[in-house]
Amino acid sequence: MKTIICSIQEENVEQIAAKAAEIWKKGGLVAFPTETVYGLGGNGLDKEASRKIYAAKGRPSDNPLILHIAAKEQVEALVSKVSDAGRLLMESFWPGPLTLIFPKAECVPLETTGGLNTVAIRMPNHPIAQALLKKSGLPIAAPSANVSGRPSPTLADHVIEDMDGRIDMIVDGGEVGIGVESTIVDVTGEIPTILRPGYITEEMLRNVVGEVDVDPAVAGSVSAEIKPKAPGMKYRHYAPKAPMVLVEGDDATVVEALNRILAKAKKEGKKIGILASQENAGKYQSGIIKVAGSHRDLTSVAHNLYRILREFDKEEVEKIYSESFGGEEFGQAVMNRMKKAAGQQIISARTLMDTEM
Ligand code: TXA
Ligand code: MG
């Protein structure tokens, strides 16, 4: 398949939105930017389009898709019930990086929801996403526009890398803002439950609805006992090709441990990637150093993370060591993605010095 790649400017938004709408109505796929990451869109009410999305991504078909809408009024037709909490959250955070899980209406095919009786919906606030969604009038099923298992795309180039030749069109709207996927909240039960952390934090949700639960799978590794309610959270995700390890500890110990590893790797002719903070980047003596952002500003880390993981892939590093970023609030989402990229491999700088030397 020949993929149309078009760069969107203010003067051609309407024209590109019309083209995207035409492709969607015929059952085709169009990738487009949102404020979180690029999405790979198809008509969410067309089960054939959903099948094409799974095929293009190489994604397991039990992993449901999020429907993207242009207006809150579209929700009524897609769900069988909106709880009070659901309504409050829609009013407070839409358009924006919040996905809500509702019981689904008949019209939403099980192919789109991965066989579940619930449906995920979000109203993005990116102007290009809004223009395309509005023009089509359709609920657009859109997972992140990466091949399954790879880091989500934050630039059109990433989408081109993964999807060129597999989909009908890629809309290049430049680099996205946030850089990690939307917060997912299940509002089907009594208490709203966070299934995936994101830019909208637990505290922001609490301020609106009071009590909020967090799915146990969010915090740590997934085991037989802890099955995540968002099926996608069980896969090794957002991952670079090289194995990655998160190194915890105070700055001085982390830098010392990594410098020892780098010195050894240099002697052995091994290429090691370091995901560093702005604060410490200058202290590493060799290796491929990439600055994720500042420990004091985790939005910068979120913004850069996936791009850097892809850059490490291109440089074909053998192993990636990352400083550990995280903390409260938005830091939880950043840490969640870093842990997943590292396949939950976390080690203290002390232990690293004892075991690897
Ligand atoms: O920011 C985002 O949400 C991006 C952009 C493109 O909007 N989209 C995105 O989609 O991250 P995707 O498909 O990569 O991740 C969707 C997640 C998966 O973990 C999936 O299991 C979960 O949402 N999900 C979808 N429908 C669900 C449902 N009915 N119940 C529970 N989890 C659901
Ligand atoms: Mg994804």
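Within every chain, residues take consecutive numbers counted from 1 along the sequence as written. Following the order in which they are written, the chains are lettered starting with A and the ligands numbered starting with 1. Restriction of local features to residues with pLDDT of at least 70 applies here, the model being predicted, together with a cutoff of 80 or more for giving and counting side-chain atom pairs; totals for whole chains, interfaces and linings are based on all residues. No hydrogens and no water enter the side-chain calculation; it runs on all heavy atoms of the structure.

Colleague: Explanation requested: the pattern of salt bridges in the structure shown.
Modeller: Close approach of charged atoms allows side chains of opposite charge to pair. Salt bridge, as used here, is a side-chain nitrogen of Lys or Arg placed within 4 Å of a carboxyl oxygen of Asp or Glu. Counted under the stated rule, the structure contains 23 salt bridges. Its salt-bridge partner being Arg-150, residue Glu-161 comes within 3.6 Å of it at the nearest N-O pair. One end of the pair, Glu-161, is in helix α6 (residues 156-163); the other, Arg-150, is in the loop between β7 (140-141) and α6, and 11 residues separate them in sequence. One salt bridge connects Arg-150 with Asp-313, and the closest N-O pair in it is separated by 2.8 Å. Of the two residues, Arg-150 sits in the loop between β7 and α6 while Asp-313 sits in helix α10 (residues 298-315), which places them 163 residues apart along the sequence. With a 1.4 Å probe rolled over the protein chains alone, any residue whose accessible area is under 20% of its type maximum counts as buried; one over 50% counts as exposed, and the rest are partly exposed. For Asp-313, a relative accessible area of 9% corresponds to the buried category. It is possible to trace a salt-bridge network through shared partners that takes in Arg-150, Glu-161, Asp-162, Arg-310, Asp-313 and Lys-314. Secondary structure counts use DSSP, requiring at least four H or I residues in a row for a helix and at least two E residues in a row for a strand, with both numbered from the N terminus.

Colleague: Just to check I follow, could you spell out the site of ligand 1 for this structure?
Modeller: Proximity is defined per residue: any heavy atom of the residue falling within 4 Å of a molecule or strand makes that residue near it. Of all residues adjacent to ligand 1, which total 29 residues, the nearest are Thr-36, Arg-59, His-68, Ser-182 and Gly-232. As used in this structure description, the phrase polar contact means that two N or O atoms lie within 3.5 Å; if the pair is within protein, one of them must be able to donate a hydrogen and the other to accept it, and residues adjacent in sequence are counted only when both atoms belong to side chains. A distance of 2.9 Å is found between an oxygen atom of ligand 1 and a side-chain nitrogen or oxygen belonging to Arg-122. Arg-196 is positioned with one of its side-chain polar atoms (N or O) 2.9 Å from an oxygen atom of ligand 1. Protein chains shield 98% of the accessible area of ligand 1, which is 690 Å² for the free molecule. Spatially, ligand 1 is embedded in the largest pocket. Contributing elements (two or more residues each) for the shell around ligand 1: β4 (66-68), β6 (118-122) and β10 (193-196). The element contributing the most residues to the shell around ligand 1 is β6, with four residues. Residue type decides the class: Asp, Glu, Lys and Arg count as charged, Ala, Val, Leu, Ile, Met, Phe, Trp, Tyr, Cys and Pro as nonpolar, and the leftover types, Gly among them, as polar. Tallied by class, the residues present in the shell around ligand 1 amount to 16 nonpolar, eight polar and five charged. Accessible surface is estimated by sampling points in the Shrake-Rupley manner with a 1.4 Å probe; for residues, cover comes only from the protein chains shown. Using a grid of 1 Å spacing that covers the protein atoms alone, one calls a set of points a cavity when a 1.4 Å probe fits there but cannot get out, and a pocket when the set is open and has protein on both sides within 12 Å along at least five of seven lines; lining residues are those with an atom within 4 Å of a point. Whether a molecule lies in a cavity or pocket depends on its atoms, and more than half of them have to be within 2 Å of the grid points.

Colleague: In this structure, what is going on with the sheet that holds strand β11 (residues 213-214)? I would like to understand it.
Modeller: To summarise the sheet geometry, strands pair through backbone hydrogen bonds and adopt either a parallel or an antiparallel arrangement. If you trace the 11 strands from one edge of the open sheet to the other, you get β1-β8-β2-β3-β7-β4-β6-β5-β9-β10-β11, paired in mixed fashion. The open sheet has two edge strands, β1 (4-7) and β11, and neither has a second partner. Sheet analysis places strand β2 (residues 30-32) next to strand β8 (residues 169-172), joined by two bridges and oriented parallel. Each bridged residue has a counterpart across the sheet, and for Val-30 the counterpart in β8 is Met-169. Whether two residues are in contact is decided by their heavy atoms: any pair within 4.5 Å suffices. Note on method: axes are straight lines fitted to C-alpha atoms, helices fitted across the in-contact stretch only, with angles between N-to-C directions ranging 0 to 180 degrees. Most of the contacts of helix α1 (residues 13-25) go to β8, to which it runs at about 150°, and overall it touches β1, β2, β3 (39-43), β7 and β8. Think of it this way: DSSP has to see at least two bridges between two strands before they count as a pair.

Colleague: How should I be thinking about empty space enclosed by the protein in this particular structure?
Modeller: It is a probe the size of a water molecule, rolled over the atoms, that shows where empty space is left. Grid points are joined across faces, edges and corners, and a volume is the space filled by probe spheres set on the points. By the definition in use, this model includes one cavity of 30 Å³ or more. Considered as a void within the structure, the largest cavity measures approximately 50 Å³ in volume. Forming the walls of the largest cavity are Thr-183, Ile-194, Pro-197, Gly-198, Ile-200, Thr-201, Glu-202, Glu-329, Gln-332 and Ala-333. Taken together, the residues of the lining of the largest cavity break down into four nonpolar, four polar and two charged. Composition of the lining of the largest cavity by domain shows at least three residues from each of domain 1 (4-219) and domain 2 (244-356). Source of the domain bounds: an automatic or database domain assignment.

Colleague: Help me out: how do you make sense of the domain arrangement of the chain in this one?
Modeller: How big an interface is tends to be expressed through the accessible area that disappears when the partners come together. Split by domain assignment, the chain resolves into domain 1 (4-219) and domain 2 (244-356). Each of domain 1 and domain 2 has a C-alpha centre, and the two are 30 Å apart. Listed as interface residues are 28 residues of domain 1 and, on the opposing side, 16 residues of domain 2. Buried area: the sum, over both parts, of the accessible surface (1.4 Å probe) that disappears when the two are put together. Surface buried jointly by domain 1 and domain 2 totals about 1800 Å² across both partners, of which 49% is contributed by carbon and sulfur atoms. Three residues, Pro-151, Val-180 and Pro-197, lead the burial of domain 1 against domain 2; their summed loss comes to 27% of the area buried on that side. Between the two partners, domain 1 and domain 2, sit six salt bridges. Measuring nitrogen to oxygen at the nearest pair gives 2.9 Å for the salt bridge that ties Asp-162 to Arg-310. Inspection of the region where domain 1 meets domain 2 yields 14 residue pairs in polar contact (both at pLDDT 80 or more). Elements supplying a minimum of two residues to the side of domain 1 that touches domain 2: α6, α7 (202-209) and α8 (216-219). Its residues assigned to classes, the side of domain 1 that touches domain 2 shows 11 nonpolar, nine polar and eight charged.

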